[in-house]
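Structural features, examined
This is what each chain is made of:
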Amino acid sequence: MIINNPKGTQDFLPPLSTQKSYLENTFRKIAQLYGFEEIVTPTFEHTELFLRSTGLTTDIVTKQMYTFVDKGNRNLALRPEGTPGVVRAVLQYNLKLPIRLFYIGPMFRYERPQKGRYREFYQLGVEIIGEGQPEAELELIDLAMRYFRELKLEAVVTKINSVGCKVCRPQFRNSLKGFLTDNLSKICEDCKVRAEQNPLRVFDCKEDTCQAIYQSAPKITDHLCYECQKHFQTVLEGLSKRKLPFELDKSLVRGLDYYTRTTFEFVPTGASELGSKDSIGGGGRYDNLVKDFGGPQAPAIGFALGLERILLCLPKPERWRPLVFIISLDEKADTEAEGLVHKLRDADIPALKSSQVKTLRAGLGLADTLYCKYVIIIGGDELQKKVYTVKNLVDRSQVEVAQDKLIEYLKATL
Ligand code: HAM
């Protein structure tokens with residue numbers, strides 16, 4: 001019996017796996033350009049870490065977390081997101097602030113699987129801990145946009161909002177609570193609980209009827225204190241100045257509890273396989289989390305991108321590999337092929353040769369199966385003329401290339 005992968009998980013087969021590595025390596029390169037260093041934290045943590053950060057009343061913690069008790073009776077959870085683990089590590093090892101860290105790795109959420117929504121998925125994330133100025137928001141959004149440009153994913157807009165702070169939020173909560181009480185009979189059961197425990201969370205509700213009602217609900221952005229208002233205004237002006245496209249979205253509160261002030265999401269605007277409702281990334285400020293974890297008062301901000309969702313927005317990768325397959329047609333040519341395969345690898349050109357194929361037809365068939373882009377044919381004729389026959393398997397064209405010009409030719413065309 002063949003056992004399949006668990007529901008909600010995904011196998012990355014070639015060439016998708018190559019495209020996944022490309023996304024990760026490009027993210028590494030760009031994060032480093034902005035002064036970030038990589039951090040790797042465990043894929044599971046003490047459950048309490050997420051209860052105290054992501055939030056006790058969030059969908060992620062109440063409905064989606066993979067929790068288990070291990071053989072040592074510890075309550076553990078597969079991480080549903082990267083931020084809490086990064087903040088924990090910064091405090092545990094007393095890292096100097098400010099610090100810029102990035103991470104790449106799998107996250108786990110028990111969600112209803114659909115296109116772009118998985119139970120195991122990869123995030124590419126950045127966190128700046130210890131920077132409170134609006135400049136940090138601009139740096140992060142600029143970084144994300146540079147990354148999308150590099151991937152040739154040009155049509156992405158940043159939806160942005162401010163969710164206020166400890167000063168302005170309590171007052172807003174009361175006015176929202178009043179609105180929810182007036183509309184209690186019209187909202188779903190989940191939202192009735194949210195209205196009681198954490199009213200802001202109603203904006204995360206996936207029910208269309210609830211969302212229609214919340215259109216006319218009071219919005220936090222209209223209730224910001226002076227400091228939050230000033231901060232947000234500077235962020236918006238900075239985005240305009242840098243020509244970074246954004247849309248103010250007053251309902252954007254994001255489904256995690258630690259956010260303060262700026263929250264944002266990256267939404268693709270072009271046609272793609274990804275549903276139009278889904279964002280490819282999101283983040284925001286969390287100026288109290290470090291303190292709440294027992295650390296110093298250190299403002300912080302970050303975002304995470306969903307790798308699978310970005311893949312759904314990009315063209316499918318081609319199966320042909322930049323790989324050269326050498327076919328030798330007699331014993332003398334075998335010796336030449338043996339030398340050539342090493343010479344190509346020394347020049348950073350991926351190459352294979354097979355001593356098993358003795359006919360040209362078999363060799364070409366094997367090269368096709370392996371999705372090699374080029375075949376180099378060496379026979380008596382070629383040896384005598386000091387050339388190689390180079391066949392392009394993608395367009396099936398064929399040329400003769402002088403032996404000493406081969407590396408140059410392949411480098412220019414692979
Ligand atoms: P989040 O919005 O929960 O934020 O997730 C960030 C991104 O992860 C989403 O925009 C989406 O692209 C991807 N994602 C989330 N859930 C799934 C899923 N089930 N399947 C596929 N992709 C998914 C956070 O996780 C915060 N830690 C971001 C952050 C960092 N805030 C501050 N620093």
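It should be noted that the structure appears before, not after, this text.
Residues numbered from 1 in each chain as written. Predicted model: local features only at pLDDT ≥ 70, side-chain atom pairs only at ≥ 80, totals over all residues. Heavy atoms only, no water.

**Re the pattern of salt bridges**
Rules: When a carboxyl oxygen of Asp or Glu is within 4 Å of a side-chain nitrogen of Lys or Arg, the pair counts as a salt bridge. Only runs of H or I of at least four residues qualify as helices and only runs of E of at least two qualify as strands under DSSP, and these elements are numbered from the N terminus.
Scanning all chains against the criterion turns up 26 salt bridges. One salt bridge in this structure joins arginine 201 and aspartate 204, with 2.5 Å as the shortest N-O distance. Of the charged contacts, one joins lysine 373 and glutamate 318 as a salt bridge, the two residues approaching to 4.0 Å between their closest N and O atoms. In this pair, lysine 373 sits in strand S14 (residues 372–378) while glutamate 318 sits in the loop between helix H11 (307–313) and strand S12 (321–328), placing the two residues 55 residues apart along the sequence. One connected set of salt bridges, linked through shared partners, spans Asp59, Lys63, Asp190 and Arg194.

**Quick look at the site of the ligand**
For clarity, the threshold we go by: Proximity is defined per residue: if any heavy atom of the residue lies within 4 Å of a molecule or strand, that residue is considered near it. Side-chain atoms alone can form a polar contact between residues adjacent in sequence; in general such a contact is a pair of N or O atoms within 3.5 Å, and within protein one must be able to donate a hydrogen while the other accepts it. The Shrake-Rupley method, run with a 1.4 Å probe, gives the accessible areas here. Residue values count only the displayed protein chains as cover. All residues other than Ala, Val, Leu, Ile, Met, Phe, Trp, Tyr, Cys, Pro, Asp, Glu, Lys and Arg, Gly among them, are scored as polar; the first ten of these are nonpolar and the last four charged.
Near the ligand, the surroundings consist of 27 residues, among which Glu81, Glu111, Tyr118, Glu127 and Tyr259 are the closest. Between the ligand and arginine 109 there is a distance of 2.9 Å, counted from an oxygen atom to a side-chain nitrogen or oxygen. Contact between the ligand and arginine 254: an oxygen atom at 2.9 Å from a side-chain N or O atom of the residue. Contact with the protein chains hides 96% of the accessible area of the ligand, taken as 660 Å² for the molecule alone. The set of elements that each furnish at least two residues to the shell around the ligand consists of strand S6 (120–129), strand S10 (281–285) and strand S11 (300–306). In the shell around the ligand, the residues fall into 10 nonpolar, 10 polar and 7 charged.

**Remarks on the sheet that holds strand S13 (residues 351–353)**
How we decide: When DSSP finds at least two bridges between two strands, those strands are taken to pair. The angle between two axes is taken between their N-to-C directions and runs from 0 to 180 degrees, where each axis is a line fitted to C-alpha atoms and a helix contributes only its stretch in contact. We call two residues in contact when some of their heavy atoms are within 4.5 Å.
The 5 strands are arranged S13-S12-S14-S15-S16 in an open sheet whose pairing can be described as mixed. Two strands close off the open sheet at either side, each with one partner strand: S13 and strand S16 (398–402). On average, adjacent strands in this sheet sit at an angle of 25° to one another, irrespective of strand direction. The pairing of S14 with strand S15 (residues 387–392) spans 4 bridges and is classified as antiparallel. Among the inter-strand pairings, isoleucine 376 is bridged to a residue of S15, identified as valine 390. The strands touched by helix H12 (residues 331–346) within the sheet are S12, S13, S14 and S15, with S13 carrying the most contacts at an inclination of about 160°.

**Focus on the side chain of histidine 231**
For clarity, the threshold we go by: Partly exposed residues are those whose accessible area sits between 20% and 50% of the maximum for their type, while under 20% is buried and over 50% is exposed, using a 1.4 Å probe and protein chains only.
Note that histidine 231 resides in helix H9 (residues 226–241). Overall, the relative accessible area of 7% leaves histidine 231 in the buried class. Apart from the residues lying within four places of it in its own chain, the contact partners of histidine 231 are Gly132, Gln133, Pro134, Glu137, Arg261, Thr262 and Arg285.

**Quick notes on the packing of aromatic side chains**
What counts here: Ring pairs are drawn from Phe, Tyr and Trp, using the six-membered ring of Trp, whenever the two centres fall within 6.5 Å, and their geometry is named by plane angle: stacked under 30 degrees, edge-to-face over 60, tilted for the rest. Only lysine NZ and arginine CZ atoms are considered, and such an atom sits over a ring when it is within 6 Å of the ring centre and within 35 degrees of the ring normal.
Inspection of every chain in the model, using the stated rule, returns 14 aromatic pairs. Centroid distance phenylalanine 27 to tyrosine 147: 5.3 Å. Interplanar angle 80°. Geometry classified as edge-to-face. Taken together, the residues phenylalanine 27 in helix H1 (residues 16–33) and tyrosine 147 in helix H5 (residues 134–150) connect sequence positions 120 residues apart. The pair phenylalanine 27 / tyrosine 147 is uniform in exposure class, with both members buried. Chaining the aromatic ring pairs together yields one cluster made of Phe27, Phe102, Tyr147, Phe148, Phe264, Phe266 and Phe303. Seen from the ring of phenylalanine 12, lysine 20 lies directly overhead, with NZ or CZ sitting 5.4 Å from the centre. Between arginine 119 and the ring centre of tyrosine 110, over which it is positioned, the NZ or CZ distance is 3.9 Å.

**Here's the deal with the sheet that holds S10**
Judged by pairing direction, the sheet is mixed, and its 8 strands sit side by side in the order S1-S5-S6-S11-S10-S9-S7-S8 without closing on themselves. Edge positions in the sheet fall to strand S1 (37–38) and strand S8 (246–248), since each has one partner strand and no second. Alignment of strand S5 (residues 99–108) against S6, held across 10 bridges, turns out to be antiparallel. Counted as the bridge partner of tyrosine 103 is glycine 125 from S6.

**Digging into the pairing of strand S4 (residues 75–78)**
By the bridge criterion, 3 bridges tie strand S2 (residues 44–46) to S4 in an arrangement that is antiparallel. Residue pairing in the sheet places glutamate 45 in a bridge with alanine 77 of S4. Where strand S3 (residues 67–69) meets S4, 3 bridges bridge the pair, whose relative direction is antiparallel. Looking at the pairing, valine 69 lines up with asparagine 75 of S4.

**Quick notes on the packing of H1 against H5**
Counted only if it meets this: Should an angle fall under 35 degrees it is taken as roughly parallel, and over 145 as roughly antiparallel, whereas 65 to 115 is taken as roughly perpendicular and any remaining angle as oblique. Here a crossing is called left-handed whenever its near helix is offset anticlockwise from the far helix by less than a right angle, and right-handed whenever the offset is clockwise.
Here H1 crosses H5 at 140°, and the two axes come no closer than 10 Å. One way to sum up the angle between H1 and H5 is to call them oblique. Crossing of H1 over H5 shows right-handed handedness. In contact with Tyr22, Leu23, Thr26, Phe27, Lys29, Ile30, Ala31 and Leu33 of H1, H5 contributes Leu143, Arg146, Tyr147 and Glu150. Across the contact of H1 with H5, the residue classes break down as 8 nonpolar, 1 polar and 3 charged.

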